[in-house]
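# Topology and contacts: notes
Listed below, chain by chain, are the residues.
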Amino acid sequence: MKKELGIGILVGLIANAIGLFITAQLLGDGDDFTTVIKAAYTEGFLGKLISLGAVLNLIAFFIFIKKKQDYRARGVLLITVFIAVFTFIIKLF
């Protein structure tokens, strides 16, 4: 049970990281990843960029639900909620 939840959390983190990278590449006008992240932070839309990256978590979540791997899906959902809270805190400050 704990192992399955941990796998879900890890998958959620990796999916979000990949989604963030893809989003930065698509919206970055050919700039490298770090330049896009720095510009997003400076211009105040880093939270939105991270939130767009979390879209891949939705895919992972539904794959785990379809395979009846509920604890892994719960881990992905937990990370998604954590990312939502994190982006909310970024927006406040």
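Residues numbered from 1 in each chain as written. Predicted model: local features only at pLDDT ≥ 70, side-chain atom pairs only at ≥ 80, totals over all residues. Heavy atoms only, no water.

### Focus: the environment of T35
Topologically, T35 is positioned in helix 2 (residues 33-43). In this structure the C-alpha to C-alpha distance between T35 and A24, which are eleven residues apart in sequence, comes to 9.4 Å. (Helix = DSSP H or I, 4+ residues; strand = E, 2+ residues; numbered from the N terminus.)

### Digging into the confidence of the model for the protein
Of the residues in the protein, 100% reach a pLDDT of 70 or more, and the chain-wide mean stands at 92. When pLDDT is averaged over each element of the protein, helix 4 (residues 55-66) comes out on top at 96 and helix 3 (residues 46-53) at the bottom at 89. (pLDDT = per-residue confidence, 0-100.)

### A look at the layout of surface pockets
Where empty space is left can be seen by rolling a probe of water-molecule size over the atoms. Looking at the largest pocket, its volume works out to about 240 Å³. The wall of the largest pocket is formed by A40, Y41, G44, F45, L46, G47, K48, T87, F88, I90, K91 and F93. Here the lining of the largest pocket takes four residues from helix 5 (residues 70-92), the largest share from any one element. The residue makeup of the lining of the largest pocket, split by class, is seven nonpolar, three polar and two charged. (1 Å grid on protein atoms, 1.4 Å probe; cavity = no way out; pocket = protein on both sides within 12 Å on 5 of 7 lines; lining within 4 Å. Points joined across faces, edges and corners; volume = space filled by probe spheres on them. Nonpolar A, V, L, I, M, F, W, Y, C, P; charged D, E, K, R; others polar.)

### Some words on the packing of aromatic side chains
Evaluation of the coordinates by the stated rule reveals three aromatic pairs. Relative to F62, the ring of F61 has its centre 5.4 Å away and its plane inclined at 75 degrees; by these criteria the two rings are edge-to-face. Classification of F61 by relative accessible area gives partly exposed; the value is 21%. With a centroid separation of 6.5 Å and an interplanar angle of 15 degrees, the aromatic rings of F82 and F86 are classed as stacked. (Phe/Tyr/Trp six-rings, centres within 6.5 Å; stacked < 30°, edge-to-face > 60°. Buried < 20%, exposed > 50% of the residue type's maximum accessible area, 1.4 Å probe, protein only.)

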